[in-house]
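Chain residues, written in single-letter form:
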Amino acid sequence: MEMQIADKVILVSGANRGIGHALVEEALKRGAKKIYAGTRGPLTHSDPVSCR
């Protein structure tokens, strides 16, 4: 079963490494409306729109 992510708001804790980072990447690919990413420090991402 595939979870529908498009147009949803997502919260990911531990988003700067490992599984958390992979979850953020997948949510972006699936068209999440907004992603709140909890990290230990500032998060830099190659997609400038995603880091507002």
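Cut-offs applied
Residues numbered from 1 in each chain as written. Predicted model: local features only at pLDDT ≥ 70, side-chain atom pairs only at ≥ 80, totals over all residues. Heavy atoms only, no water. Core = buried A, V, L, I, M, F, W, Y, C linked by side-chain atoms within 4.5 Å. Buried < 20%, exposed > 50% of the residue type's maximum accessible area, 1.4 Å probe, protein only. Helix = DSSP H or I, 4+ residues; strand = E, 2+ residues; numbered from the N terminus. pLDDT = per-residue confidence, 0-100. Salt bridge = Lys/Arg side-chain N within 4 Å of Asp/Glu carboxyl O. Expected span 1.5 Å × (residues − 1). Contact = heavy atoms within 4.5 Å. Pairing = 2+ DSSP bridges. Right-handed = clockwise from strand over helix to strand, strands pointing away. Patch = residues over 30% accessible without salt bridge, like charges linked within 9 Å, V, L, I, M, F, W, Y side chains within 5 Å. Areas by Shrake-Rupley, 256 points an atom, 1.4 Å probe, with all protein chains shown as cover.

So, on to the nonpolar core. Counting seven residues, the largest nonpolar core is built from Ile5, Ile10, Val12, Ala15, Val24, Ala27 and Ala32. For this core, the secondary structure elements donating two or more residues are β1 (9-13) and α1 (18-29).

The next thing to look at is the confidence of the model for the protein chain. Considering every residue of the protein chain, the mean pLDDT works out to 85; 83% of them sit at 70 or more. Of all helices and strands in the protein chain, the one with the weakest mean pLDDT is strand β2 (residues 34-38) (91), whereas β1 scores best (95).

The phi angle at Asp7 is positive, at roughly 65 degrees, despite the residue not being glycine. For Asp7, the position within the fold is in the segment before β1. Taking relative accessible area as the criterion, Asp7 reaches 63% and is therefore assigned exposed.

For the structure on display, the rule yields one salt bridge. For Arg30, the salt bridge is made with Glu26, and the minimal N-O distance between the two is 2.9 Å.

All right, on to α1 then. One turn of an α-helix holds 3.6 residues; hence residues three or four places apart share an orientation. Its 12 residues give α1 an end-to-end C-alpha distance of 17 Å, which sits within 8% of 16 Å, the value for a rise of 1.5 Å per residue. Structurally, α1 contributes buried residues whose contacts are with β1 and β2. Count one or two residues on from α1 and you reach Gly31, which has phi positive near 85 degrees.

As a further point, take the pairing of β1. Regular strands have side chains that alternate between both faces of the sheet. Residues of β1 alternate between two faces, with Ile10 and Val12 buried on one and Val9, Leu11 and Ser13 left unburied on the opposite face. The sheet contact formed by β1 and β2 spans five bridges and is parallel. Counted as the bridge partner of Ser13 is Gly38 from β2. Each parallel crossover has a hand, and the one from β1 via α1 to β2 is right-handed.

Let us now look at a nonpolar patch on the surface. A cluster of nonpolar side chains, namely Val9, Leu11 and Tyr36, defines an oily patch on the protein surface of about 350 Å² accessible area. Here Val9 lies in strand β1.

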